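Geometric and topological summary
One-letter residues, chain by chain:
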Protein chains: 2
Amino acid sequence: VSAFSVQQADTWTPNGLASAVVVIDVLRATTVIATALANGAARVIPVAEVTDAFALRERIGPATLLGGERRNQRVEGFDLGNSPAEYTPQRVAGATIVITTTNGTRAFARAQGSATRLYAAALINAGAVAERVSAETGSIVALCAGTEGRFSLEDWACAGAVALRCAERGVELDDAAIAAAELFRAHRSDLYALVASGEHAQLLARAGFADDVRDAAMLDRYDVVPFFDGEALKRLL
Amino acid sequence: VSAFSVQQADTWTPNGLASAVVVIDVLRATTVIATALANGAARVIPVAEVTDAFALRERIGPATLLGGERRNQRVEGFDLGNSPAEYTPQRVAGATIVITTTNGTRAFARAQGSATRLYAAALINAGAVAERVSAETGSIVALCAGTEGRFSLEDWACAGAVALRCAERGVELDDAAIAAAELFRAHRSDLYALVASGEHAQLLARAGFADDVRDAAMLDRYDVVPFFDGEALKRLL
């Protein structure tokens, strides 16, 4: 029987190597990543710093798209911000995208080296990721990026969405996973309201990104599993 | 407006002095403390180590009762274990009780010095504590003891019980408090089933303490607010 645990990225102390870690940053990194891959991006490379992103474009070539945010805003000189709606098929099909965000890419950095396989999940692809990771043997960790080190309601709800579907496939949940799964179950039909009540959603709404919150709350919109191959996130299958 | 936050004791990094910290260890330390005070104990002194308990009895006098557990069992030479049902009025009325438990007393140690006022809550007195702390101005922290440093479902549900009642009185909840409050709201009518599904409850049931889980899940059984005066927990009012 596999075991499913939910952890906060900033306080997680890996206890050995997990079979699978699912990085979750619903607002907005993993929603952007899932959208980009669903819309045909070839790969998404998460990097920690803005300077890393520019350096990587130098190396890979000028066709590389740079995306992400600092203080919620698109970085100067970047092609894309951190709104999922920007990552249209017209814009991203076939592209290599280098992305850097405040919380999400830090969570990826923490997860690397602590997991055999690394995935990215958001509410928009929680079902697809759950179907995939429930087939893993061993320990599965849902790693919530949070906001500046703090617990985020939307990441917790997404961890619950993945956990609940894994439990339905026989995976055993730890206490945090049960709590998250039960929260998701209770709010499955009004996920947008739940997400919108969170601190990060309210911050984004004030900054003019209310549509991003709506996009991020569309449960199972995409049947895409972002898988990290050691260098980039790619669509599985 | 006061702000309510939920934190895990082992990862909490206090950001300044909280107005009030509510220590929660439903299975079983704070349930025992609330029961003892509701049944007339004069004071309950939480200490970290078994040797501290014996030393304190030497100092205070032989009438002092020693209570608590190691590996879930009563400590040899102690008068009481860690089952709320042991703390009857016959046994504890008027008594000074020194208590040491694996997780709960560690949480008290962490909370001391980080809060202006320190309370203890369990599901059996969540309503009374909420009524009291919702009158606080400033920041309120529900500090979940957890189990050996891990998230505990029953502590989270109790934090949610306190948070929800505080929110009803106008206190603002952070994301973790919203998540906990919504879980409590969804399971208010079947709290025993929720608590019993947690890891710690299952461990206790296997160790022969299933009744303790049932006792711990009795929401608002007692109208008692355990308040730490710098030395001991006493009944407020």
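Everything here concerns the structure above.
Quick caveat: nothing in here was measured; it's all calculated off a predicted structure. (Residues numbered from 1 in each chain as written. Chains lettered and ligands numbered in written order. Predicted model: local features only at pLDDT ≥ 70, side-chain atom pairs only at ≥ 80, totals over all residues. Heavy atoms only, no water.)

A few points about the side chain of A:T35
Relative to the helices and strands, A:T35 resides in helix 1 (residues 29-38). With near-sequence residues (within four places) excluded, A:T35 lies in contact with A:P84, A:Y87, A:I124 and A:Y222. (Helix = DSSP H or I, 4+ residues; strand = E, 2+ residues; numbered from the N terminus. Contact = heavy atoms within 4.5 Å.)

Remarks on the packing of helix 7 (residues 175-187) of chain A against helix 6 (residues 153-168) of chain B
Across the interface, helix 7 of chain A lies against helix 6 of chain B with an axial gap of 8 Å and an inter-helix angle of 40 degrees. Between helix 7 of chain A and helix 6 of chain B, the angle is such that the two are oblique. Here helix 7 of chain A contributes A:D175, A:I178 and A:A179 to the contact with helix 6 of chain B, which in turn contributes B:L153, B:E154 and B:W156. Its residues placed into classes, the contact of helix 7 of chain A with helix 6 of chain B shows 4 nonpolar, no polar and 2 charged. (Axes fitted to C-alpha atoms, helices over the stretch in contact; angles between N-to-C directions. Parallel < 35°, antiparallel > 145°, perpendicular 65-115°, else oblique. Nonpolar A, V, L, I, M, F, W, Y, C, P; charged D, E, K, R; others polar.)

Re the nonpolar core
A general feature of soluble globular proteins is that nonpolar side chains tend to end up buried together. One finds A:F4, A:W156, B:F4 and B:W156 to be the most contacted residues of the largest nonpolar core, which totals 98 residues. Once residues lying within four places of it in the same chain are set aside, the contact partners of B:W156 are A:F151, A:W156, A:A179, B:V6, B:Q8, B:C144, B:F151, B:A176, B:A179, B:A180 and B:L183. (Core = buried A, V, L, I, M, F, W, Y, C linked by side-chain atoms within 4.5 Å. Buried < 20%, exposed > 50% of the residue type's maximum accessible area, 1.4 Å probe, protein only.)

A few points about the relation of the copies chain B and chain A
At an RMSD of 0.0 Å, chain B and chain A line up after a rotation of 180 degrees and a shift of 0.0 Å along the axis. As the rotation angle and translation indicate, the two copies are arranged about a two-fold axis. Identified as the residue of chain B closest to the rotation axis by C-alpha distance is B:L183, at 2.6 Å. Interface overlap between copies: 100% of the residues of chain B at the interface are likewise at the interface in chain A, consistent with a symmetric, same-surface contact. (Least-squares fit on C-alpha atoms with pLDDT ≥ 70 in both.)

Structural notes on the pattern of salt bridges
Residues and elements named next belong to chain A. In total, this model carries 20 salt bridges over all chains according to the counting rule given. The salt bridge partner of E231 is R43, with a shortest N-O separation of 3.4 Å. With E231 in the loop between strand 10 (226-228) and strand 11 (233-235) and R43 in strand 3 (residues 43-46), the pair connects residues that are 188 residues apart, well separated along the chain. Given the relative accessible area of 49%, E231 is considered partly exposed. R43 gets classed as partly exposed once you look at its relative accessible area, which sits at 21%. (Salt bridge = Lys/Arg side-chain N within 4 Å of Asp/Glu carboxyl O.)

Thoughts on the interface of chain B and chain A
When the parts of a complex come together, some accessible area is lost, and that lost area is often used as the size of the interface. Of the residues lining the interface, 19 residues belong to chain B; the matching set on chain A comes to 19 residues. The interface formed by chain B and chain A includes 0 salt bridges. Connecting chain B to chain A are 6 residue pairs in polar contact (both at pLDDT 80 or more). Contributions of two or more residues to the side of chain B that touches chain A are made by helix 6 and helix 7 (175-187) of chain B. (Polar contact = N/O pair within 3.5 Å; in protein donor to acceptor, adjacent residues only side chain to side chain.)

Looking at unusual backbone geometry
Residues and elements named next belong to chain A. In this model, L27 is joined to R28 through a cis peptide bond whose omega is 5 degrees. Even without being a glycine, D220 presents a positive backbone phi close to 55 degrees. Following the sequence through the fold, D220 ends up in the loop between helix 10 (210-216) and strand 10. Judged by relative accessible area, D220 falls into the partly exposed class, the value being 32%.

Here's the deal with the packing of aromatic side chains
One pair of aromatic rings is described through two measures. These are the centre distance and the angle between the planes. Overall, the coordinates contain 9 aromatic pairs over all chains when judged by the stated rule. Residues A:F151 and B:W156 carry aromatic rings whose centres are separated by 5.6 Å and whose planes lie at 40 degrees to one another, so their mutual orientation is tilted. Pair noted here: A:F151 is in the loop between strand 8 (139-144) and helix 6 (153-168) and B:W156 is in helix 6, and the two residues belong to different chains. Take A:F151 and B:W156: they sit in the same class, and that class is buried. Of the aromatic side chains, those joined through ring pairs into one cluster are A:F151, A:W156, B:F151 and B:W156. One cation-aromatic arrangement involves A:R214 over A:Y192; the distance from NZ or CZ to the ring centre is 4.0 Å. (Phe/Tyr/Trp six-rings, centres within 6.5 Å; stacked < 30°, edge-to-face > 60°. Lys NZ or Arg CZ within 6 Å of the ring centre and 35° of its normal.)

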